[in-house]
Amino acid sequence: MLYHLLYPLSDQFAPFNVFRYITFRTAGAVATAVLLALLCGPAFIRTLRRLSVGQNIREVGPQSHQVKAGTPTMGGLLILFTLVVPTLLWANLANVYVWLAVGVTLAFGAIGFLDDFLKVRRGRNLGLTARGKFLAQVGVAALAGALLPQLPGGAPFSPTLAFPFLKDLVIDLGLLYVPFVVFVLVGSSNAVNLTDGLDGLAIGATLIAAGTYAVFTYVAGNRVVASYLQVPYVAGAGELTVFCGALVGASVGFLWFNSHPAEVFMGDVGSLALGGGIGIVAVIAKQELVLALVGGLFVLEALSVILQVASFKLRGKRIFRMAPLHHHFELGGWAEPKIIVRFWILSGLFALLSLSTLKLR
Ligand code: 57M
């Protein structure tokens, strides 16, 4: 909004010329999101407590988690508020990708909210059925995938898949594009959801992923840089850098309260939204395959569950002490903070590796 209000005044007041720069508006979005979260967080958490929106801890979990019972959950509402407001404040609202990213994030958040709300109201860790949740996610993702090539304004969005390292390999997915987008969005949403099992773990990894995609979207939206680095140019994708900046700020702000010992959990309203938001940014920037690297921790956590369940069903034996992976180390005697920080370090290394794909082609 500020872009539309202040940039036109740059003729009368030259300093307002800065509002044309994505970098400046991204920095503004980061700062606004952090400030908003730190200002609104305490009152928001008090409200969750007053409304008894507390986390039910499942028996199956590590005993160490029982002390967390009653921790306010649905903190994802604060993340969404401190993500969307700065985005609408600092991004160019004529950019259709901004609205698609915000829309997909909020839609996944709504699915998570319903799940959290049912869990809290029933006083048990049983919200939406796994099938219901999955179908709702597939529906939102399919709509986003179908809409993308039809979006008004800007250059037509081609349903193609680019590959990291292989600059000349671009495949037109045609009708397979929608199922592909569904796979990316539903996969990333559930991967973040599974990862969100230790204080600050998911939000810290999200912070790193959002900062990494701020680079990828900036590059994708800049014709000169995209051409130099030989990555797909997506006209208008640069505005998503502002969205990624707001997501970095919102993550920093939430981590302030979610750090161990957590005063609040994000809930499915947060984890599903964050995964959906990172996923749609990766799709628009045409950097979907590299998401497996940027979100390397999320992939490891999801894989650990898939392997554990498969092994349990096929062999009747577990591979890990418990899945997802963070519980395996917890049951192995690692302290929670140590697991969290080491997993963040892994996330950071994955992010650096992903950025190397910009150069190694
Ligand atoms: C998402 N939710 C946390 C919190 C958070 C198939 C199976 C692997 C599915 C999986 C599952 O149900 N995952 C659901 C993980 C839960 O966190 C809540 O959920 C929101 C995110 N969706 O925002 O509201 C618990 O995680 C802890 N937590 C923190 N700090 C945080 O900042 O400590 C969360 C955020 C919270 C809190 O204890 O209650 C969760 O873990 O459920 N199931 C599992 O992950 C279970 N693993 C399992 O069953 N493994 C089996 C097989 C079937 C894979 C095995 O290994 O044999 C774990 N679930 C629980 N505890 N509750 C086991 C440990």
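Refer to the structure presented above.
These numbers come from a predicted model, not from an experiment. (Residues numbered from 1 in each chain as written. Predicted model: local features only at pLDDT ≥ 70, side-chain atom pairs only at ≥ 80, totals over all residues. Heavy atoms only, no water.)

Peer 1: Explain the overall build of the chain to me, and be specific about the residues and the numbers.
Peer 2: Along the chain, the regular secondary structure elements total 14 helices and two strands. For a compact globule of 361 residues, the expected C-alpha radius of gyration is about 21 Å, and the chain comes in at 20 Å, within 12% of that figure. Taken along its principal axes, the extent of the C-alpha atoms in the chain is 60 × 45 × 35 Å. For the chain, buried positions account for 51% of its 361 residues. (Helix = DSSP H or I, 4+ residues; strand = E, 2+ residues; numbered from the N terminus. Rg over C-alpha atoms; globule rule 2.2 N^0.38 Å. Buried < 20%, exposed > 50% of the residue type's maximum accessible area, 1.4 Å probe, protein only.)

Peer 1: Describe the side chain of Thr82, and please don't skip the residues or the numbers.
Peer 2: One can find Thr82 in helix H3 (residues 76-90). There is a polar contact of 3.2 Å between the side chain of Thr82 and the backbone oxygen of Ile79. (Polar contact = N/O pair within 3.5 Å; in protein donor to acceptor, adjacent residues only side chain to side chain.)

Peer 1: Hey, could you go over the packing of aromatic side chains for me, with residue numbers and the actual values?
Peer 2: All chains considered together, the criterion is met by 13 aromatic pairs. Where Tyr177 meets Phe180, the ring centres are 6.5 Å apart and the plane angle is 40°; that geometry is what we call tilted. Of this pair, Tyr177 and Phe180 both sit in helix H6 (residues 177-195), three residues apart, which is roughly one turn of the helix. Take Tyr177 and Phe180: they sit in the same class, and that class is buried. A ring pair is formed by Phe329 and Phe343, whose centres lie 5.8 Å apart and whose planes are at 90°; its orientation type is edge-to-face. Of the two residues, Phe329 is situated in helix H13 (residues 325-331) and Phe343 in helix H14 (residues 336-356); the sequence distance between them amounts to 14 residues. Directly above the aromatic system of Trp334 lies the positively charged group of Arg342, at a separation of 4.6 Å from the ring centroid. (Phe/Tyr/Trp six-rings, centres within 6.5 Å; stacked < 30°, edge-to-face > 60°. Lys NZ or Arg CZ within 6 Å of the ring centre and 35° of its normal.)

Peer 1: So what's going on with the pattern of salt bridges? Which residues, and what values?
Peer 2: Counted under the stated rule, the structure contains seven salt bridges. Linking Lys68 and Glu336 is a salt bridge whose minimum nitrogen-to-oxygen distance equals 2.9 Å. With Lys68 in the loop between helix H2 (22-50) and H3 and Glu336 in helix H14, this residue pair connects regions lying 268 residues apart in the sequence. Of the two residues, Lys68 and Glu336, neither departs from the other in class, the shared state being buried. Via salt bridges that share partners, Asp115, Lys119, Lys133 and Asp268 belong to a single interconnected network. (Salt bridge = Lys/Arg side-chain N within 4 Å of Asp/Glu carboxyl O.)

Peer 1: I'd love a proper account of the packing of helix H4 (residues 96-122) against helix H5 (residues 130-147), names of residues and values included.
Peer 2: One can describe the packing of H4 onto H5 by two numbers: an axis separation of 10 Å at closest approach and a directional angle of 170°. Here H5 runs roughly antiparallel to H4, going by the angle between their axes. Contacts from Val104, Ala107, Phe108, Ile111 and Asp115 in H4 reach Lys133, Ala136, Gln137, Val140, Ala141 and Ala144 in H5. Looking at the contact of H4 with H5 residue by residue, the classes come out as eight nonpolar, one polar and two charged. (Axes fitted to C-alpha atoms, helices over the stretch in contact; angles between N-to-C directions. Parallel < 35°, antiparallel > 145°, perpendicular 65-115°, else oblique. Contact = heavy atoms within 4.5 Å. Nonpolar A, V, L, I, M, F, W, Y, C, P; charged D, E, K, R; others polar.)

On their own, these measurements won't tell you what the molecule is for.
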